[in-house]
Amino acid sequence: MQLVDNYQRRFQYLRLSITELCNFKCQYCLPNGYHPNKLHHFLSLNEIDNIVSTFAELGVHKIRLTGGEPTLRRDFTEILSVISAYPSIRELAITTNGTRLLKNINHWHQAGLNSINISIDSFSPHIFKLITGQDKLKELIAGIEKTLEIGIPKVKINTVLMKDLNSHLSDYLSWIKYRPVELRFIELMETNESRNLFHRYHLAGQSIERQLIEQGWQLQPKQALSGPAKVYAHDDYQGKIGLIMPYSKDFCKSCNRLRVSSIGQLHYCLFGDSAIDLRDLLVRADQKAQLKSRILASLVVKPEKHRLHDNLVGMMPNLSYIGG
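Residues numbered from 1 in each chain as written. Predicted model: local features only at pLDDT ≥ 70, side-chain atom pairs only at ≥ 80, totals over all residues. Heavy atoms only, no water.

## Focus: the packing of helix H1 (residues 45-57) against helix H9 (residues 288-298)
As a packed pair, H1 and H9 sit with axes 10 Å apart at the nearest point and diverge in direction by 65 degrees. Every pair of crossing elements has a handedness; the one defined by H1 and H9 is right-handed. Listed contacts from H9 to Asn-50, Ser-53, Thr-54, Phe-55 and Glu-57 of H1 are Lys-288, Leu-291, Lys-292 and Ile-295. The residue makeup of the contact of H1 with H9, split by class, is three nonpolar, three polar and three charged. (Axes fitted to C-alpha atoms, helices over the stretch in contact; angles between N-to-C directions. Helix = DSSP H or I, 4+ residues; strand = E, 2+ residues; numbered from the N terminus. Left-handed = near helix turned anticlockwise from the far one by under 90°. Contact = heavy atoms within 4.5 Å. Nonpolar A, V, L, I, M, F, W, Y, C, P; charged D, E, K, R; others polar.)

## Section: the environment of Val-60
With respect to the helices and strands, the residue Val-60 is situated in the loop between H1 and strand S2 (62-66). With a relative accessible area of 1%, Val-60 lands in the buried category. Along the primary structure Val-60 and Leu-21 are separated by 39 residues, whereas in three dimensions their C-alpha atoms are 26 Å apart. Beyond its immediate chain neighbours, meaning those up to four positions away, Val-60 contacts Leu-3, Phe-11, Gln-12, Tyr-13, Leu-14, Phe-55, Ser-88 and Ile-89. (Buried < 20%, exposed > 50% of the residue type's maximum accessible area, 1.4 Å probe, protein only.)

## Description of the packing of aromatic side chains
Under the definition given, this model contains seven aromatic pairs. Considering the side-chain rings of Phe-123 and Trp-175, the 4.8 Å spacing of their centres and the 20 degrees angle between planes classify their relative orientation as stacked. Residue Phe-123 is found in the loop between strand S4 (115-119) and helix H4 (125-132), and its partner Trp-175 is found in helix H6 (residues 170-176); the two are separated by 52 residues along the sequence. On the accessibility criterion, Phe-123 (18% relative accessible area) is buried. Joined through ring pairs, the aromatic side chains of Phe-123, Tyr-172, Trp-175 and Phe-185 make up one cluster. The ring of Tyr-13 has Lys-62 sitting right over it, with the charged end atom 4.2 Å from the ring centre. Lys-177 extends its terminal NZ or CZ atom over the ring of Tyr-237, reaching a point 4.5 Å from the ring centre. (Phe/Tyr/Trp six-rings, centres within 6.5 Å; stacked < 30°, edge-to-face > 60°. Lys NZ or Arg CZ within 6 Å of the ring centre and 35° of its normal.)

Next up, the structure:
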């Protein structure tokens, strides 16, 4: 059995949120900080194991742990070990704000982590603090340097593009010139809680793309299991530049991922208006056949594309709710 929808898109990539908790106050996500929802009980280690086992048997080869901030879970290293024990999971990735990176990256690497995305919204300490609410840029950069030093195969930096705040390409080129990282500009996306901010700061990624092409950067072939980024490389730079542009034409055509939230709901789209609850089938391993059937049936309702252009952002209040 394989995960294929009505538009013949095959899903080999699962984004699994393990918490909504976050210790940053990013303007585009949780500007007032995280406020617990007492009704939300995050997935247990056993439930995570049952999810991974099932999706692995359905042809998923890449799992990315997200949040909130996934590394805030006390059992985070154990979660990595559980997932990496499945031979068919070829890429075990996380998206993190990097606050626990410097201290823990060796342990995570030993537990099976082989791909990491660190959110750095500016290399200017002042702008970084303005966007994230934290004065931690120096320690995050030290964590990235250590990550490169110990040999994590894939290291990427995520920058949410915000007009006039962090949208100057030149600010980033010197940093990636001698570092083998992929720096990815992610277009600011509208959510139910960020409509005003979106209209003030949204900038189309094509503005960065045009500058790259003018400066001699070359579009690279898409890699297996990769996400939606268009990746550019230049002979004079060790690093690469990626662009994630959800408002661009045909963005959804190559969709290859599904999402499970930290409360066990399957989301067929980040901006979908419904979700399928899996939690009642995550208790025991002998429920796997039923779980597979529910997951496969859910693909029937996956739409051809999102409706962001119509300002329809689905059920997500903010990016920490599903995992971005």
